[in-house]
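Geometric and topological summary
The primary structure of each chain is shown beneath.
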Amino acid sequence: MSDSRNAPEAPRPAELTEHAPGEHSDHAPGVSVRHTRAKGEPRFPDGPKADPAGSHFERRIRSFQPRRSRVTAGQADALQRLWPKWGLDIDGQQVVDLGELFGNANPVVLEIGFGMGEATAQMAAEDPGVDILAVDVHTPGQGNLLNLADQNGLSNVRVANGDAIILLREMLEPDSLDGLRVYFPDPWPKKRHHKRRLIQPEFLDLAATRLRPGAIVHCATDWEPYAEQMLEVLDAHPEFENTQAGGGFAARPAHRPLTRFEGQGLDKGHVVNDLLFRRVQHRVPQSERHRQESPR
């Protein structure tokens, strides 16, 4: 899920002081913590960086807005303990070998915006032969997903921290992804904010270079005007084709879990639309096609 309005906030019990890594703590699992630290000290020394890409890349309009919220003791422990093993900071300074990152040659699906990670963990558990590279900037959600992966023995999940655009553009090889999932992204409903929406022609131009032919782009939203824009943009893009024979929206596929928050929205009369588009085969330039078809 997205790092926006659809991501649930962690419970907010009485705030406690977070102990330094390795220091004894009597906090019960799930208790919210507030870390008292010296100026300049990282929030989680062995966890995700606050701004991994720093000022290395141009300032631009972003489709996400980081939110500060409390981190539970269990989430903090997962970030400290598991980030070096399963975490990836999007710094834009390296090209990621996905086979090395996951330790296998399984197909890899990129999920942009996973909220608290429950749906991601469920999809990973139900399809262990597919690796999921899940990107978000919401620290509690990152910790929660790592915790869920650890508790359920999910070796096919990696959590990336930072801007998905930098990840796609700077850190992934062409044709390295077998799928892209964007579930309930921030709809930026005000007209003046529409430019912040993720699903735009420029984003699809970039995504197409990283998706193998046949890879599926799966979007879902409960904001109907955004769903219509997504459909219009995807229909118009030459590198993607609708998997629905008659065009239009798709029924929710079985592999996308119905989350508690989506269920609450449906109970309120919200309409959820899924879009399933396929990356088309690479086009051969006309000059190259002519050369191939010419008799030798």
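Residues numbered from 1 in each chain as written. Predicted model: local features only at pLDDT ≥ 70, side-chain atom pairs only at ≥ 80, totals over all residues. Heavy atoms only, no water.

Going through the model one piece at a time under the given rule, you end up with nine salt bridges. In this structure, Arg81 and Asp150 form a salt bridge, with 3.1 Å as the shortest nitrogen-oxygen distance. Taken together, the residues Arg81 in helix 1 (residues 73-86) and Asp150 in helix 4 (residues 139-151) connect sequence positions 69 residues apart. Linking Asp274 and Arg256 is a salt bridge whose minimum nitrogen-to-oxygen distance equals 2.8 Å. Highlighted residues: Asp274 in strand 11 (residues 273-279) and Arg256 in the loop between strand 10 (240-242) and helix 8 (260-267), separated in sequence by 18 residues. (Salt bridge = Lys/Arg side-chain N within 4 Å of Asp/Glu carboxyl O. Helix = DSSP H or I, 4+ residues; strand = E, 2+ residues; numbered from the N terminus.)

This paragraph deals with the nonpolar core. If you look at the biggest cluster of nonpolar residues, it comprises 41 residues, and the most contacted ones within it are Leu110, Leu167, Leu180 and Phe203. The dominant element in this core, judged by the number of residues it contributes, is helix 5 (residues 164-171), at six residues. Contact partners of Phe203, with chain neighbours within four places excluded, come to Ile112, Ile165, Leu168, Leu180 and Leu198. Counting residues in hydrophobic clusters, the runner-up holds 25 residues, among them Trp86, Ala134, Leu145 and Phe184. (Core = buried A, V, L, I, M, F, W, Y, C linked by side-chain atoms within 4.5 Å. Buried < 20%, exposed > 50% of the residue type's maximum accessible area, 1.4 Å probe, protein only. Contact = heavy atoms within 4.5 Å.)

Below, the discussion takes up helix 1. Helix length check: helix 1, at 14 residues, gives a terminal C-alpha distance of 19 Å against a target of 20 Å (1.5 Å per residue), a fit within 8%. At Gln80, helix 1 is deflected by roughly 35°, the largest bend along its length, and proline Pro84 occurs up to four residues later in sequence. Counting buried residues in helix 1 gives 10 out of 14 residues, a clear majority hidden from the surface. Of all the positions in helix 1, only Ala73, Gly74, Gln75, Ala76, Ala78, Leu79, Gln80, Leu82, Trp83 and Trp86 are classed as buried. (Expected span 1.5 Å × (residues − 1). Bend = angle between axes of the 7 residues up to and from the residue.)

Right, let's get into the sheet that holds strand 6 (residues 131-136). Spatial strand order, 4-7-6-5-8-9-11-10: eight strands in an open sheet with mixed pairing. Looking at strand neighbours, the two that pair on one side only are strand 4 (87-89) and strand 10, the edges of this open sheet. Shown here is a sheet whose adjacent strand axes are inclined to one another by a mean of 25°, direction ignored. Relative to strand 6, strand 5 (residues 108-112) runs parallel, the two sharing five bridges. If you follow Leu110 over to strand 6, its bridge partner there is Leu133. (Pairing = 2+ DSSP bridges. Axes fitted to C-alpha atoms, helices over the stretch in contact; angles between N-to-C directions.)

Next up on the list: the environment of Glu118. Among the secondary structure elements, Glu118 is positioned in helix 3 (residues 118-126). In this structure Glu118 touches Asn144 and Leu148, once residues within four positions along its chain are discounted.

Here we come to the packing of aromatic side chains. Tallied over the full model, the rule gives zero aromatic pairs. Seen from the ring of Tyr183, Arg256 lies directly overhead, with NZ or CZ sitting 5.8 Å from the centre. (Phe/Tyr/Trp six-rings, centres within 6.5 Å; stacked < 30°, edge-to-face > 60°. Lys NZ or Arg CZ within 6 Å of the ring centre and 35° of its normal.)

Moving on: the packing of helix 1 against helix 4. Each pair of packed helices can be described by the angle between their axes along with the distance between the axes. At a minimum axis distance of 8 Å, the contact between helix 1 and helix 4 shows a crossing angle of 70°. For the element pair helix 1 / helix 4, the angle class is roughly perpendicular. Contacts between helix 1 and helix 4 involve Gly74, Gln75, Ala78, Leu79, Arg81, Leu82, Trp83 and Trp86 from the first element and Thr139, Pro140, Gln142, Gly143, Asn144, Leu146, Asn147, Ala149 and Asp150 from the second. By residue class, the composition of the contact of helix 1 with helix 4 is eight nonpolar, seven polar and two charged. (Parallel < 35°, antiparallel > 145°, perpendicular 65-115°, else oblique. Nonpolar A, V, L, I, M, F, W, Y, C, P; charged D, E, K, R; others polar.)

Within the secondary structure, Gly47 is located in the loop between strand 2 (32-35) and strand 3 (71-72). Residues Gly47 and Gly87, spaced 40 residues apart in sequence, show a C-alpha to C-alpha distance of 7.9 Å. In this structure Gly47 touches Leu79, Gln80, Trp83 and Asp89, once residues within four positions along its chain are discounted.

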